[in-house]
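# What the coordinates show
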Amino acid sequence: QLALLEAATCVSFPSGMAAISAALMAVLKVGARLIIPADGYYVTRVLSAGFLAPFGVEVVEIASRDYADFDFSGASVVYLETPSNPGLDVIDIAAVSMRAHAAGALVIADNTTMTPLLQRPLDLGADVVVAADTKAPAGHSDALFGHVASRNDAFIAKVRDNRRLTGAVPGAFEAWLVHRGIETLEVRLERM
């Protein structure tokens, strides 16, 4: 169902952070430059500073409001959240994607807050979507889950390899719990 909602190929993970980690590990290498929101999800910043930087990735943190004017030259990956977590700052995905692509960067959008029913980052120019499905899609706070979505088959192959090699495969029961939540997602979002 996630693939249908995203209109892309999706790879499921046992948590949102497993999905984020796999997406970043699929493209970053020594010398890469990663742009991340300084006011975004705390654990993404901890992963970047604590694990990616020591492996030779240059991590550049900027405020969400600064994405509109930031020079992405030299960036390998522009990672954004919109709305950001926890501040709910909004980034223009289409404008940032256009500028990031012109600079040669891949755009990864965290769409946890909006879900694919309310925002479609791939349609707005992002190359990859990551999300913690623990929240709105699962809807019951009883399962950890996440996904990576992209229309780039080579990228998805790398993400699948990462999942297979790291053992970050969600369990069947957790998949069922998230499927159950997705069945009521539209109604819950409409009411919110």
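These lines cover the structure that appears in this document, whether it is placed above or below. (Residues numbered from 1 in each chain as written. Predicted model: local features only at pLDDT ≥ 70, side-chain atom pairs only at ≥ 80, totals over all residues. Heavy atoms only, no water.)

### Comments concerning the overall build of the protein chain
Our working definition: The numbering of helices and of strands both runs from the N terminus, where a helix is a DSSP run of H or I of at least 4 residues and a strand a run of E of at least 2. For the radius of gyration, the atom set is restricted to C-alpha positions; the globular benchmark scales as 2.2 Å times the number of residues to the power 0.38. Burial classes follow relative accessibility: with a 1.4 Å probe on protein chains only, a residue under 20% of its type's maximum area counts as buried, one over 50% as exposed, and anything between as partly exposed. Whether two residues are in contact is decided by their heavy atoms, any of which lying within 4.5 Å being enough. In this tally, Lys and Arg are treated as positive and Asp and Glu as negative; His is ignored, and so are the chain termini. A single reference atom marks each charge: NZ on Lys, CZ on Arg, CG on Asp, CD on Glu.
From N to C terminus, the protein chain includes eight helices and seven strands. Taking 192 residues into account, the globule formula puts the C-alpha radius of gyration at 16 Å, and the protein chain, at 16 Å, falls close to it. Expressed as lengths along the three principal axes of its C-alpha atoms, the size of the protein chain is roughly 45 × 35 × 30 Å. The buried share among the 192 residues of the protein chain stands at 48%. A fraction of 72% describes how many contacts in the protein chain between residues 6 or more apart in sequence connect residues 24 or more apart. Here the protein chain contributes 15 positively and 21 negatively charged side chains, and the mean placements of these two sets differ by 4 Å.

### Re the sheet that holds strand S4 (residues 77-81)
Which entries qualify depends on this criterion: Note: two strands are recorded as paired if DSSP finds a minimum of 2 bridges between them. All axes here are fitted lines through C-alpha atoms, helices being fitted over the stretch that makes contact, and every angle between N-to-C directions spans 0 to 180 degrees.
Pairing is mixed in the open sheet, where seven strands are placed in the order S1-S7-S6-S5-S4-S2-S3. Single-partner strands in this sheet number two, and they are strand S1 (9-13) and strand S3 (58-62). The mean inter-strand angle of the sheet, taken between neighbouring strand axes irrespective of direction, is 20°. Summarising the sheet, S1 and strand S7 (residues 146-150) pair through five bridges and their orientation is antiparallel. By the bridge assignment, Cys10 is partnered in S7 with Ala149. Set on the sheet, helix H4 (residues 93-102) makes contact with S4 and strand S5 (106-110); between it and S4 the angle comes to about 170°. Packing against the sheet, helix H6 (residues 153-166) makes contact with S1, S5, strand S6 (128-132) and S7, and its axis sits at approximately 15° to S1.

### Topic: the nonpolar core
Among soluble globular proteins, nonpolar side chains are generally buried collectively. Note the threshold: What is meant by a nonpolar core is a set of buried Ala, Val, Leu, Ile, Met, Phe, Trp, Tyr and Cys residues, joined one to another through side-chain atoms within 4.5 Å.
Core analysis: the biggest nonpolar cluster contains 28 residues, and Phe13, Leu24, Leu34, Ile108, Val148 and Phe155 have the highest contact counts within it. When residues of this core are traced back to their parent elements, those giving at least two are S1, helix H2 (16-27), strand S2 (33-37), helix H3 (42-52), S4, S5, S6 and H6. Looking at this core element by element, the count peaks at eight residues for H2. Among all residues touching Leu34, those that are not within four sequence positions of it are Leu24, Leu28, Ser48, Leu52, Val57, Glu58, Val59, Val60, Val77 and Tyr79.

### Here's the deal with unusual backbone geometry
Residue Pro83 follows Thr82 across a cis peptide bond; omega there is -5°. Note on placement: Pro83 falls in the loop between S4 and H4. The backbone of Ala7 shows a phi angle near 55°, a positive value even though the residue is not glycine. By the secondary structure assignment, Ala7 is in the loop between helix H1 (2-6) and S1. The phi dihedral of Ser141 falls on the positive side, at around 55°, and the residue is not glycine. For Ser141, the position within the fold is in the loop between S6 and S7.

### Brief notes about the pattern of salt bridges
The test is simple: Definition used for salt bridges: Asp or Glu carboxyl oxygen within 4 Å of a side-chain nitrogen of Lys or Arg.
Going through the model one piece at a time under the given rule, you end up with five salt bridges. Across the pair Arg180 and Asp142 runs a salt bridge, and its minimum N-O distance is 2.7 Å. Taken together, the residues Arg180 in helix H7 (residues 172-182) and Asp142 in the loop between S6 and S7 connect sequence positions 38 residues apart. Judged by relative accessible area, which is 37%, Asp142 ranks as partly exposed. With a shortest N-O distance of 3.4 Å, Arg164 and Asp161 are connected by a salt bridge. Here Arg164 and its partner Asp161 are both found in helix H6, three residues apart, which amounts to about one turn of the helix.

### Quick word on the packing of aromatic side chains
Put simply, the test is: Side-chain rings of Phe, Tyr and Trp, where Trp is taken by its six-membered ring, are said to pair if the distance between their centres is within 6.5 Å; with planes under 30 degrees apart they count as stacked, over 60 as edge-to-face, and otherwise as tilted. In this scheme, Lys NZ or Arg CZ marks a charge over a ring once it lies within 6 Å of the ring centre and within 35 degrees of the ring normal.
Across all of its chains, the model carries three aromatic pairs by this definition. Judged by centre distance (6.2 Å) and plane angle (55°), the rings of Tyr67 and Phe72 are tilted. The buried category is assigned to Tyr67, whose relative accessible area is 0%. For the ring pair Phe173 and Trp176, a centre distance of 6.0 Å and an interplane angle of 20° mean the geometry is stacked. Separated by three residues within a single helix, Phe173 and Trp176 lie in helix H7, roughly one turn from each other. What links up through ring pairs into an aromatic cluster is the set Tyr67, Phe70 and Phe72. Taking the ring centre of Tyr41 as reference, the NZ or CZ of Lys135 above it sits at 6.0 Å.

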